[in-house]
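Coordinate analysis (summary)
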Amino acid sequence: MQSSFDIKEVQRSLPIFTVKLPDDGILKGLIEEHRVNYPGTIESNVVAWHSDWHTHKVNPKFEYFVNLVESACTFISHSHFGVGEDVVMKCENMWVVQYIKGNFAHEHDHFPSILSCAYFVDVEEDSSPLIIEGMEIKPENGMLVIFPSLLRHSVPETHGQRTVISMNFRAD
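The following paragraphs examine the structure supplied in this document. (Residues numbered from 1 in each chain as written. Predicted model: local features only at pLDDT ≥ 70, side-chain atom pairs only at ≥ 80, totals over all residues. Heavy atoms only, no water.)

**Some words on the nonpolar core**
Ranked by size, the top nonpolar core spans 24 residues in total, and within it Ile165, Met167 and Phe169 carry the most contacts. Elements with a minimum of two residues in this core: α1 (27–37), α3 (63–79), β4 (89–99), β6 (115–123), β9 (143–148) and β11 (162–171). Among the elements that line this core, the one with the most residues is α3, at 5 residues. Residues contacting Phe169, with those up to four places away along its chain left out, are Val69, Glu70, Cys73, Met89, Lys90, Cys91, Glu92, Ser113, Ile114, Leu115 and Cys117. (Core = buried A, V, L, I, M, F, W, Y, C linked by side-chain atoms within 4.5 Å. Buried < 20%, exposed > 50% of the residue type's maximum accessible area, 1.4 Å probe, protein only. Helix = DSSP H or I, 4+ residues; strand = E, 2+ residues; numbered from the N terminus. Contact = heavy atoms within 4.5 Å.)

Following this line, the structure appears as structure tokens:
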């Protein structure tokens with residue numbers, strides 16, 4: 001049966017949301033402390049050090065930031081996508097990535113999650129952009145980028161260091 005599907009494609013533009021958050025002075029130190037306590041990395045499409053996919057569950061000190069981004073994603077789902085007020089977005093994965101010169105991320109997506117985000121904690125000027133479906137987003141310190149999880153994205157080989165918190169959300 002599966003081989004008999006006729007595939008139709010539609011063209012639709014999907015939004016990418018960006019906002020600058022104030023530096024709370026906490027995340028950089030929290031990430032460094034976490035990396036000292038959990039120095040290992042796992043193999044993935046990201047060629048850089050990154051923490052466990054469930055860092056927010058391993059280290060409850062990240063909970064305040066997860067709650068902030070969950071609220072932002074819930075607001076977007078209600079105000080932009082028309083999702084009912086009884087639905088909230090919940091973080092299913094959160095990990096930290098620290099890129100150094102020469103690191104990159106292969107093109108990928110986060111389907112079946114609904115929304116994904118990247119929060120740029122600490123980026124150098126010559127850090128590579130986040131490329132989402134061909135659109136380049138130049139990272140800035142404190143920038144939160146939220147986008148539909150099915151969008152393909154990558155990070156070209158970088159020349160500057162950058163620390164990013166990545167998250168995926170589901171509807172609850």
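**Brief notes about the packing of aromatic side chains**
If you walk through the whole model with that rule in mind, you get 3 aromatic pairs. When the ring of Phe17 is compared with that of Phe81, the centres are 6.4 Å apart and the planes differ by 80 degrees; the resulting orientation is edge-to-face. Taken together, the residues span a long stretch of sequence, with Phe17 in strand β1 (residues 17–20) and Phe81 in the loop between α3 and β4 at a distance of 64 residues. What makes Phe81 partly exposed here is its relative accessible area of 34%. Look at Phe65 and Tyr119: their rings are 4.9 Å apart centre to centre, the planes differ by 50 degrees, and that puts the pair in the tilted class. You can see Phe65 sitting in helix α3 and its partner Tyr119 sitting in strand β6, a full 54 residues away along the chain. On the accessibility criterion, Tyr119 (5% relative accessible area) is buried. Seen from the ring of Tyr99, Arg162 lies directly overhead, with NZ or CZ sitting 4.9 Å from the centre. (Phe/Tyr/Trp six-rings, centres within 6.5 Å; stacked < 30°, edge-to-face > 60°. Lys NZ or Arg CZ within 6 Å of the ring centre and 35° of its normal.)

**Overview of the pattern of salt bridges**
If the charged atoms of two oppositely charged side chains come close together, the side chains can form a pair. Summed over the entire model, instances satisfying the criterion amount to 9 salt bridges. Taking the shortest distance from any N to any O, the salt bridge between Lys20 and Glu140 comes out at 3.3 Å. Of the two residues, Lys20 sits in strand β1 while Glu140 sits in the loop between β8 (135–137) and β9, which places them 120 residues apart along the sequence. A salt bridge links Asp172 to Arg170, with the nearest nitrogen and oxygen atoms 3.4 Å apart. On the basis of relative accessible area, Asp172 is assigned to the partly exposed category, the value being 47%. The partly exposed category is assigned to Arg170, whose relative accessible area is 32%. Each of Glu107, Asp109 and Arg152 takes part in a single network of salt bridges with overlapping partners. (Salt bridge = Lys/Arg side-chain N within 4 Å of Asp/Glu carboxyl O.)

Shape is all these values report; function is a separate question.
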